[in-house]
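Each chain, letter by letter, is given below.
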Amino acid sequence: LAQASSLISGASTLSACTTPSSNFESNPTHNKMLGPLKALFWPADRQARSPHQFQAENLSSRNGKANVKDVKAEDYPTPEKYLEGAEIPTFYSFQSNLVADEDLVPGMVRVLEVDKRLTLPTRTHIRFLVTGQDVIHSFAIPSLGVKTDGIPGRINRINTFIQREGVFYGQCSELCGTLHGFMPIVVEAVSPETYAAHARKWYKE
């Protein structure tokens, strides 16, 4: 690397010269300096190398066409417990609202506390699907490294992995209207065991 850097620095010095190209090539001093550089980057035996060294490997199928197969939802296997008559769980939805100043209690954070927190498990890969209902919002939790826009008619996906338990605060970070400053987001991260016990209230085992 030291030899290559010295050669490159020498080449950059020579490139700043105003000597004509014909005199530059015929000058023995220049040829002496450029000789090792040419041997390093432009070897004379380039044509003698194996042709496979300069060809990209063809990873496609032999006939050049991808093996595409139409798959329907009915083709995927259904878990046995659902075949036996178990009820398929549905999504649990709730609305999280800002806690007003007159409802605050000691320990709450003003303008950042909500009446219902989003409970998530730690040490679990979590995917958020974010959209908007009225105008463009932004779902942002800086302490989790999460921020994505909520756009009406569109779904944005973002992933996170929470490593420790705690309460993480965020806000809407897109100017969306007169109540933009009063849209907090609160995520409470608990252990997977605690989350499983909490989820039993809404989902059947």
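Residues numbered from 1 in each chain as written. Predicted model: local features only at pLDDT ≥ 70, side-chain atom pairs only at ≥ 80, totals over all residues. Heavy atoms only, no water.

*Asks:* Just checking my understanding: could you explain unusual backbone geometry for this structure?
*Replies:* Comment: phi is negative for the bulk of residues other than glycine, and the bulk of peptide bonds are trans. With a phi close to 65°, Val 111 is a non-glycine residue in the positive phi region. Topologically, Val 111 is positioned in the loop between helix H4 (80-83) and strand E1 (118-121). With a phi angle near 55°, Arg 123 is a residue other than glycine that sits in the positive phi range. By the element assignment, Arg 123 lies in the loop between E1 and strand E2 (125-130). (Helix = DSSP H or I, 4+ residues; strand = E, 2+ residues; numbered from the N terminus.)

*Asks:* I tried to follow the pairing of strand E7 (residues 184-190) on my own but got confused; where do I start?
*Replies:* With 6 of its 7 residues buried, E7 lies for the most part within the structure. Bridge count between E1 and E7: 4 bridges; the pairing is parallel. Counterpart to Thr 119 in the pairing with E7 is Glu 188. Summarising the sheet, strand E6 (residues 166-172) and E7 pair through 6 bridges and their orientation is antiparallel. When the sheet's bridge partners are listed, Phe 168 is paired in E7 with Val 187. (Buried < 20%, exposed > 50% of the residue type's maximum accessible area, 1.4 Å probe, protein only. Pairing = 2+ DSSP bridges.)

*Asks:* Help me understand the sheet that holds E7, please; the structure alone is not making it clear to me.
*Replies:* Remark on secondary structure: sheet strands pair via backbone hydrogen bonds, oriented parallel or antiparallel. An order of E1-E7-E6-E3-E4 is seen for the 5 strands of this open sheet, with the pairing classed as mixed. Two strands bound the open sheet, and with one partner strand each, they are E1 and strand E4 (146-150). Across the sheet, the mean angle from the axis of one strand to that of its neighbour is 25°, orientation sign disregarded. Sitting on the sheet, helix H5 (residues 192-199) touches E1 and E7, and the angle it makes with E1 is about 130°. (Axes fitted to C-alpha atoms, helices over the stretch in contact; angles between N-to-C directions. Contact = heavy atoms within 4.5 Å.)

*Asks:* Hey, could you run me through the nonpolar core in this one?
*Replies:* Side chains of nonpolar character tend, in soluble globular proteins, to be buried together. Residues Phe 128, Phe 139, Ile 141, Leu 144, Ile 162, Phe 168 and Val 187 are the most contacted members of the largest nonpolar core, which totals 14 residues. Broken down by secondary-structure element, the contributors of at least two residues to this core are E2, strand E3 (137-141) and E7. Phe 128 has contacts with Leu 118, Leu 120, Phe 139, Asn 156, Arg 157, Ile 158 and Thr 160, leaving out every residue within four places of it along the chain. (Core = buried A, V, L, I, M, F, W, Y, C linked by side-chain atoms within 4.5 Å.)

*Asks:* Would you explain the packing of aromatic side chains in this entry?
*Replies:* Geometry of an aromatic ring pair is reported as the spacing of the ring centres plus the angle between the planes. Scanning the entire structure with this criterion turns up 1 aromatic pair. Relative to Phe 139, the ring of Phe 128 has its centre 5.3 Å away and its plane inclined at 45°; by these criteria the two rings are tilted. Of this pair, Phe 128 sits in strand E2 while Phe 139 sits in strand E3, and the two are 11 residues apart along the sequence. The residues Phe 128 and Phe 139 share a single accessibility class, namely buried. (Phe/Tyr/Trp six-rings, centres within 6.5 Å; stacked < 30°, edge-to-face > 60°.)

*Asks:* Would you mind going over the pattern of salt bridges with me for this structure?
*Replies:* A side chain of one charge can pair with a side chain of the opposite charge if their charged atoms are brought near each other. Taken as a whole and assessed by the stated rule, the structure comprises 3 salt bridges. With a closest N to O distance of 3.3 Å, Arg 110 and Asp 101 form a salt bridge. Among the residues examined, Arg 110 registers a relative accessible area of 53% and is labelled exposed. Relative accessible area serves as the criterion here: at 43%, Asp 101 is assigned to the partly exposed category. For the salt bridge of Glu 113 with Arg 117, the shortest nitrogen-to-oxygen distance reads 3.1 Å. You can call Arg 117 partly exposed: its relative accessible area is 30%. One network of salt bridges, in which partners are shared, links Glu 113, Arg 117 and Glu 188. (Salt bridge = Lys/Arg side-chain N within 4 Å of Asp/Glu carboxyl O.)

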